[in-house]
Amino acid sequence: VQLQASGGGLVQSGGSLKLACVASGGIFGAYALGWFRQAPGKEREFVAAVGWSADYTPYTSYSDSVKGRFTVSRDDGKATAYLQMNSLKPDDTARYYCASNTNWSQLRRGTADYWGQGTQVTVSS
């Protein structure tokens, strides 16, 4: 499975961006998809993730720092995961990575089967 993230850029504080993560290869529906970020000099941190429940309804998880501002979603028909980021703050500046794992718990802890190359998000004050 290859993951390709895009949609990053430079935005003013309070602005919005939408990231996309396109997967190729593998069975997209079998994976939980997550977004992580890493700012210079800091450790990589979990941002959000989306998976499928047993009855095929999506379930999501967010870090406290982005809850209420970011929305994670997926379109399995397009093998794509999204991260809608609103009310961006300078502290959101980081390189954002998408990742996948068939195990939800492992993904939430930052363990992934596959990682994308990342896309830079810069929020100016």
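The shown structure was predicted, so the numbers you read here are calculated from the model rather than taken from an experiment.

A. Here's a closer look at the environment of S53. By the element assignment, S53 lies in the loop between β5 (45–52) and β6 (58–62). Separated by 13 residues in sequence, S53 and V66 have C-alpha atoms that sit 23 Å apart.

B. Spatial organisation of the pattern of salt bridges. All told, the structure shown has 5 salt bridges when counted by the stated rule. Across the pair E45 and R37 runs a salt bridge whose closest N-O atoms are separated by 2.6 Å. A salt bridge links D92 to R37; the nearest nitrogen and oxygen atoms lie 2.9 Å apart. Pair noted here: D92 is in the loop between β8 (80–85) and β9 (94–101) and R37 is in strand β4 (residues 32–38), with a separation of 55 residues, a long-range link. The pair D92 / R37 is uniform in exposure class, with both members buried. One salt-bridge network, held together by shared partners, links R37, E45, R69 and D92.

Here is what the cut-offs are and how they apply
- Residues numbered from 1 in each chain as written.
- Predicted model: local features only at pLDDT ≥ 70, side-chain atom pairs only at ≥ 80, totals over all residues.
- Heavy atoms only, no water.
- Helix = DSSP H or I, 4+ residues; strand = E, 2+ residues; numbered from the N terminus.
- Salt bridge = Lys/Arg side-chain N within 4 Å of Asp/Glu carboxyl O.
- Buried < 20%, exposed > 50% of the residue type's maximum accessible area, 1.4 Å probe, protein only.

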